[in-house]
Structures are given as C-alpha cells and as structure tokens.
Amino acid sequence: MILAYKISDIKNFLQAQKAAGKRIGFVPTMGALHQGHLSLIEASKRENDITVCSIFVNPEQFNNKEDLAKYPKDLDADAKMLESLGCDAVFCPADREMYLKKPRIKISFGKLEEVMEGIYRKDHFNGVAIIVAKLFHIINPDTAYFGQKDLQQFRIIACLVDDLSFPIVLKDMPIIRETNGLAMSSRNSRLSKEEKIQAGVFYQSLKKAQKALLEGVSVAQVKNSITQDFKLTPFAQLEYFNIVNRLDLQEVKQIENPKDVALCIAGYVGNVRLIDNMYLIS
Ligand code: AMP
C-alpha cells in the first residue's frame, strides 16, 4: 500500500495503473476509520482492480471551529486497517496541499440543501462539494463509494456529478451499526460509555417511526410522537426528525409509495452531534 501526501504522487501512481487498464475504486473519508468506512473499502475491493482511500479532514466543510479542532485523528491506526484490507493507496494531503488559498467559488444545490443538514450546518455542503470535486479531479476514479449514513451528502454529490458531468459511477452503501443500533461514526469516539448506550435512542426512534408508518399511522402523528419522545429524553436533544422523499429530500405529507421514503434524524447526546437515517422500506 502506498501512502501519498502530495497530489503529484497519487496522480503518478494512478496514471500508471490506468495506463495498464486497471479500474479504480475510490473511498473519500475524514479518517478515524471504523467498520462503516471499512465496508466501503471492501465494496471497492470487490468491484475494482485498485482501491484508493483519501483521508482529509476538510476545514471548508466545518462551520464550527470546536468541532473541527476536536475531530478525531489517527493516521497510523487508519493506515494499518487499510493495509490489512488490501487497500492499494491512501491519499492523505495536508491542508496546504489541497488549499493553496481559500476557495472563492460557491456551489448551490437549491432545494436539496435548504433542508436538514443545510439548515443546521451553514455552508457545509459548499465545502463538501468543493473537496469532493477536487478529489474527483485528482483521483479520477471509475467508481466512488459513499455511505447511506450521510444521505443528504450523497444526494448532493450525485447532483454535483450529474450537473458537472463527472464520468464517475456513485455507489451508496448500507449503514453499519453498533449492536445497540447506533450508526458507526468517527464522532462516536467522543461519547462516554454511558452516552454510547444513550445514543441508541436515535436508531430506536427511527425503528419506532418506521413501524408506525408501515402500520398506517399518519406522517404528522409519527413526527409529533418522535418529537414528544425527545422532550422526555433528558440526555438527548433532537434537532430534526424529517420524513422525506429519499431522492429530493423534501418532506412528504403522506406515504404514497413507501419505497420512496426515508426517515432522517439529527441531534445531540452530550456535546456530540449525531445523524442517522433509514429507508422506510429498504
Ligand atoms: P466521513 O469520514 O465521516 O467523512 O465518512 C466517509 C464515508 O464513510 C462517507 O461516505 C460516509 O457516509 C461513510 N460512513 C460513515 N459512517 C458510516 C457507517 N456507519 N456505515 C457506512 N458508511 C459510513
């Protein structure tokens, strides 16, 4: 496995692979890897000749300085995990390698970013889109792998690829969870043992809502019931619980086709922000 810190080094490595006709799979991450990330590496390994993982904590997508400062980092442990899975290359640039200067462009995604994370994390998706576009240009993969965990991010990147004609196939992979249902996340390392147990409430709420909706309870009633539950849950704060169309992410008023619907939730346990989602029918 090669570790490339420079854009020129990863490009040189990949140019030789492409010249040899190899298919390139790409998994962009912010590091502090867990089984969720590793499932994406495994998917890429299955479907490509060469798998590249990037590790870059992108300052442009953090609107909260403290969140950026506290973001967990462990490049040595990450490299070991990637090597043991047979990842071929890790691209782990420094901030100045990716941003010689602060980007000036603003990319807008219209209605897709006017909901959920777009409301609570101002300019977040602009930062995501810029770094993903830069990485796509540098790596130029055949296929890129993302987690359903960041559903809105996936839809935004699908829009970016579509509107700017990147010749890249995108795959969204299932959410990997802890035994209590908590979606794996690098930020979970900031939860205490007790908080990790409490954080299961987000998954339990999604399951409860899913069951009720499939039994015919109305969207308004389900939304109300989950919101009320959180008012009585002192250890967790709800930011939003939205029942949406899984493609355009706009809220639905009633369930017409259950296959089109996703349930999305975000909130805090302690001072750690967590997001999760579930398709009504997978
Ligand atoms: P991050 O390092 O948080 O930027 O995540 C990198 C990629 O891993 C993104 O495509 C995430 O959606 C994906 N990912 C994060 N957590 C999980 C999980 N629990 N299961 C599957 N994929 C995940």
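These numbers come from a predicted model, not from an experiment.

> I'd like a rundown of the overall build of the protein chain, residues and numbers included.
Within the protein chain one finds 11 helices and nine strands. What you see for the protein chain is a C-alpha radius of gyration of 19 Å, in line with the 19 Å of a compact globule of 282 residues. With the C-alpha coordinates aligned to their principal axes, the bounding extent of the protein chain is approximately 55 × 40 × 40 Å. For the protein chain, with 282 residues in total, the buried portion stands at 50%. Contacts in the protein chain between residues at least 24 apart in sequence constitute 73% of all its contacts with a sequence separation of at least 6. Surface exposure of the protein chain reaches about 13800 Å², of which carbon and sulfur atoms provide 52%.

> So what about the side chain of Thr143? Which residues, and what values?
Mapped onto the fold, Thr143 is located in strand E5 (residues 143–147). Residues within four places of Thr143 in sequence aside, it is in contact with Arg23, Ile24, Gly25, Phe26, Asn48, Ile168, Val169 and Lys171.

> Tell me what's going on with a nonpolar patch on the surface, and back it up with residues and numbers.
Residues Leu3, Tyr5 and Leu75 make up a contiguous nonpolar surface patch of roughly 250 Å² in combined accessible area. For Leu3, the position within the fold is in strand E1 (residues 2–4).

> Let's hear about the packing of aromatic side chains: which residues, and what values?
This model, assessed by the stated rule, comprises eight aromatic pairs. Between the aromatic rings of Phe136 and Phe166, the centroid separation amounts to 5.6 Å while the plane-to-plane angle is 70 degrees, which identifies the pairing as edge-to-face. Placement of Phe136 in helix H7 (residues 124–139) and of Phe166 in the loop between helix H8 (151–163) and strand E6 (169–173) is noted, with a sequence separation of 30 residues between them. Each residue in the set Phe26, Phe136, Phe146, Phe154 and Phe166 is aromatic and connected to the rest through ring pairs, giving one cluster. One Lys or Arg, Arg246, reaches over the ring of Tyr279 and ends 3.6 Å from the middle of that ring.

> Break down the site of the ligand for me, with residues and values.
Taken together, 16 residues sit near the ligand, with Met30, His37, Asp150, Ile176 and Met184 positioned nearest. One of the backbone N or O atoms of Gly147 is found 2.9 Å from an oxygen atom in the ligand. Measuring from a nitrogen atom of the ligand, one finds a backbone N or O atom of Ile176 at 2.9 Å. Here the ligand has 490 Å² of accessible area as a free molecule, and 93% of this is covered by the chains. Mapped onto the shell around the ligand, the elements with two or more residues apiece are strand E2 (24–29), helix H2 (35–47) and E5. For the shell around the ligand, the leading source of residues is H2, giving three residues. Partitioning the shell around the ligand into residue classes produces nine nonpolar, five polar and two charged.

> Kindly report on the sheet that holds E1, identifying the contributing residues and their values.
Overall, parallel pairing links the six strands, which are arranged E1-E4-E3-E2-E5-E6 in an open sheet. Among the strands making up the open sheet, the edge pair consists of E1 and E6. Each adjacent strand pair in this sheet contributes to an overall mean axis angle of 25 degrees, direction not counted. Looking at chain direction, E1 and strand E4 (residues 89–91) are connected through three bridges and run parallel. Paired with Ala4 across the strands is Phe91, a residue of E4.

> Report on helix H10 (residues 200–214), specifying residues and quantitative values.
For the α-helix, the turn length of 3.6 residues means that residues three or four positions removed from each other point alike. Given a rise of 1.5 Å per residue, 15 residues ought to cover 21 Å, and the 21 Å separating the end C-alpha atoms of H10 matches this to within 8%. Gly200, Val201, Phe202, Ser205, Leu206, Ala209, Gln210, Ala212 and Leu213 are the residues of H10 that are buried. Of the residues trailing H10, Gly216 is marked for its positive phi of about 100 degrees.

> Describe the sheet that holds strand E8 (residues 261–269), with residues and values.
The strand order across the open sheet built from three strands is E7-E8-E9, with neighbouring strands paired in antiparallel fashion. Taken across any chain shown, the strands that pair with only one partner, and hence form the sheet edges, are strand E7 (236–245) and strand E9 (272–279). In this sheet, adjacent strand axes meet at a mean angle of 15 degrees when their direction is disregarded. Here E8 runs beside E9; their pairing, made up of eight bridges, is antiparallel. From the neighbouring strand, Ile265 faces E9, where its bridge partner is Asp276. Of the strands in this sheet, E7 and E8 are in contact with helix H11 (residues 219–231), which crosses E7 at around 165 degrees.

> I'd like a description of helix H4 (residues 75–85), backed by residues and values.
When H4 is considered as a whole, its buried residues turn out to be Asp78, Ala79 and Leu82. Projected onto a plane normal to the axis of H4, the buried residues spread over an arc of 95 degrees and lie on a single side. In H4, the exposed positions angled more than 90 degrees off the buried face are occupied by Asp76, Lys80 and Ser84. Close packing links the buried residues of H4 with H2, strand E3 (50–55) and E4. Count one or two residues on from H4 and you reach Gly86, which has phi positive near 85 degrees.

Conventions and cut-offs
Residues numbered from 1 in each chain as written. Predicted model: local features only at pLDDT ≥ 70, side-chain atom pairs only at ≥ 80, totals over all residues. Heavy atoms only, no water. Helix = DSSP H or I, 4+ residues; strand = E, 2+ residues; numbered from the N terminus. Rg over C-alpha atoms; globule rule 2.2 N^0.38 Å. Buried < 20%, exposed > 50% of the residue type's maximum accessible area, 1.4 Å probe, protein only. Contact = heavy atoms within 4.5 Å. Areas by Shrake-Rupley, 256 points an atom, 1.4 Å probe, with all protein chains shown as cover. Patch = residues over 30% accessible without salt bridge, like charges linked within 9 Å, V, L, I, M, F, W, Y side chains within 5 Å. Salt bridge = Lys/Arg side-chain N within 4 Å of Asp/Glu carboxyl O. Phe/Tyr/Trp six-rings, centres within 6.5 Å; stacked < 30°, edge-to-face > 60°. Lys NZ or Arg CZ within 6 Å of the ring centre and 35° of its normal. Near = heavy atom within 4 Å. Polar contact = N/O pair within 3.5 Å; in protein donor to acceptor, adjacent residues only side chain to side chain. Nonpolar A, V, L, I, M, F, W, Y, C, P; charged D, E, K, R; others polar. Pairing = 2+ DSSP bridges. Axes fitted to C-alpha atoms, helices over the stretch in contact; angles between N-to-C directions. Expected span 1.5 Å × (residues − 1). Arc of directions from axis to C-beta.

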